[in-house]
Every structure is written in structure tokens, then in C-alpha cells.
Amino acid sequence: MPAVRNPLIGFGLTTAAALILSFVISVPVLFFPDVALLLFYLPFALFGAGVLAGRTTFLGSIGFIGGSIGGFIGVYIFQVFLVPGGWPLWPLDWEILLTLAFGAACGLGGFASGKLGLRRIERMTENAPKMRRCLKCGAKVGIAARKCWSCRSYLPPT
């Protein structure tokens, strides 16, 4: 059975994965001969990067936020280091808006795959072993437990 992690760890993993994937996926843009191909390829590729990054979290909202932040930072770092002249066909003062739009595409991918993870949690809780309570102290114990973990009293057989 997979372990349920802290949502903040999932957020950090989603952000880091989206940052790395968005930077790596943006590299082929340097070899495109046409600007229209760049504007067609990059949002779909970043959506795919967000889908892969969003698989590290169980919540869609955290997948969206982590994917958006990671996608924005990854694309912005790519633009600063490898495309210093700015995005083609866009005025220089609009480059942040285009980078935000690319980050949002990555975030939508994270949202889509993060929502799929919520179903996984529901399935895990349905299939999890049922619990029972100790008659003496009321603590939850497992079905097959012989002694209570809290008060150490013996439990009746099931």
C-alpha cells in the first residue's frame, strides 16, 4: 500500500519537477526554424511536463500551484540564459506575461494529474483494513491486534 505523504512535500516535489522538466522541454525551441512552431509546441510540451510533475502530489490544487510556480521559474530561467533577446514576435515588456502563460500551461497539467491522485487516496481508504477500539481506553487498534498499543490491556478475540 502506498504511503500518504505530507502535502507540503508533494508541493515541493511538484515544484522542483516542474522547474526541471520545463527547462529541459524548452531546449528544443532553440532549434525551431519558425516562431509559430515555438508558440504551438511549448504550451503542449509544458502541459505534459505539468502532468508528469503533478503525479508527485495527491491534490489537484497543489499540483496546479506547484506546476505553475515551477513552470514559470523554469521557463524564465531558460529565457534569461538561452534566449536573452526575449521571446520572438512579442514586445519586450510582454515577455513576463508570455512566461506566465507558459507557467499556467504547466500548472494546468499539474492540476489534471493531481486530481487523478485524489481518486487513489479514496481507493486506498476503501481498501484499508478496518479498525476497532480498545474497550478500556478507546484507542483505535488494528483488527488482528491482541493488545492495545496505548494501555497495554488485552483485547477480546475477533
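This one's a predicted model, so the numbers in the text were calculated from it and none came from an experiment. (Residues numbered from 1 in each chain as written. Predicted model: local features only at pLDDT ≥ 70, side-chain atom pairs only at ≥ 80, totals over all residues. Heavy atoms only, no water.)

**What about the overall build of the protein chain?**
Right, on to step 1. When you go through the protein chain residue by residue, the secondary structure sums to 4 helices and 2 strands.
Right, on to step 2. Ordered by position from N to C terminus, the α and β elements of the protein chain give α-α-α-α-β-β.
Right, on to step 3. Classification of the 158 residues of the protein chain by burial places 33% in the buried group. (Helix = DSSP H or I, 4+ residues; strand = E, 2+ residues; numbered from the N terminus. Buried < 20%, exposed > 50% of the residue type's maximum accessible area, 1.4 Å probe, protein only.)

**Looking at the packing of aromatic side chains**
Right, on to step 1. For the structure shown, the criterion picks out 4 aromatic pairs.
Right, on to step 2. Judged by centre distance (6.1 Å) and plane angle (80 degrees), the rings of F23 and F78 are edge-to-face. On the criterion of sequence distance, the pair formed by F23 in helix α1 (residues 7-26) and F78 in helix α3 (residues 60-82) is long-range, its members being 55 residues apart.
Right, on to step 3. Taking the relative accessible area as the measure of exposure, F23 reaches 27% and is therefore partly exposed.
Right, on to step 4. Residue class for F78 comes out buried when judged on its relative accessible area of 0%.
Right, on to step 5. Over the ring of Y154 we find K147; its NZ or CZ atom is 5.3 Å from the centre of that ring. (Phe/Tyr/Trp six-rings, centres within 6.5 Å; stacked < 30°, edge-to-face > 60°. Lys NZ or Arg CZ within 6 Å of the ring centre and 35° of its normal.)

**So, a nonpolar patch on the surface**
Right, on to step 1. On the surface, V27, L30, F31, Y76, V80, F81, L82, W90, W94, I96, L97 and L100 cluster together into a nonpolar patch covering about 1200 Å² of accessible area.
Right, on to step 2. Elements supplying a minimum of two residues to the nonpolar patch: α3 and α4 (95-127).
Right, on to step 3. The element contributing the most residues to the nonpolar patch is α3, with 4 residues.
Right, on to step 4. Secondary-structure assignment places L82 in helix α3.
Right, on to step 5. The class for L82 is partly exposed, based on a relative accessible area of 37%. (Patch = residues over 30% accessible without salt bridge, like charges linked within 9 Å, V, L, I, M, F, W, Y side chains within 5 Å. Areas by Shrake-Rupley, 256 points an atom, 1.4 Å probe, with all protein chains shown as cover. Salt bridge = Lys/Arg side-chain N within 4 Å of Asp/Glu carboxyl O.)

**Some points on the nonpolar core**
Right, on to step 1. Grouped together as the largest cluster of nonpolar side chains are 14 residues, with contacts concentrated most on V29, L42, L46, W87 and F102.
Right, on to step 2. When contributions to this core are tallied by element, the ones reaching two or more residues are α2 (35-54), α3 and α4.
Right, on to step 3. With 5 residues, the single largest contributor to this core is α2.
Right, on to step 4. The residues touching L46, leaving out its near neighbours within four places in the chain, are S22, I25, V75, F102, A105 and C106.
Right, on to step 5. Counting 5 residues, the second-largest nonpolar core is a separate cluster that includes C134, A139, V141 and C148. (Core = buried A, V, L, I, M, F, W, Y, C linked by side-chain atoms within 4.5 Å. Contact = heavy atoms within 4.5 Å.)

**Quick word on the state of the cysteines**
Right, on to step 1. In the structure shown here, the tally under the stated rule is 0 disulfides.
Right, on to step 2. C151 supplies the cysteine sulfur nearest to C134, a cysteine that is in no disulfide, at a spacing of 3.8 Å.
Right, on to step 3. Among the residues examined, C134 registers a relative accessible area of 5% and is labelled buried.
Right, on to step 4. The thiol of C148 is unpaired, and the distance to the nearest cysteine sulfur, on C137, comes to 3.6 Å. (Disulfide = S-S within 2.5 Å.)

**Focus: the environment of P88**
Right, on to step 1. Locating P88 in the fold gives a position in the loop between α3 and α4.
Right, on to step 2. For the pair P88 and L38, spaced 50 residues apart in sequence, the C-alpha separation works out to 9.1 Å.

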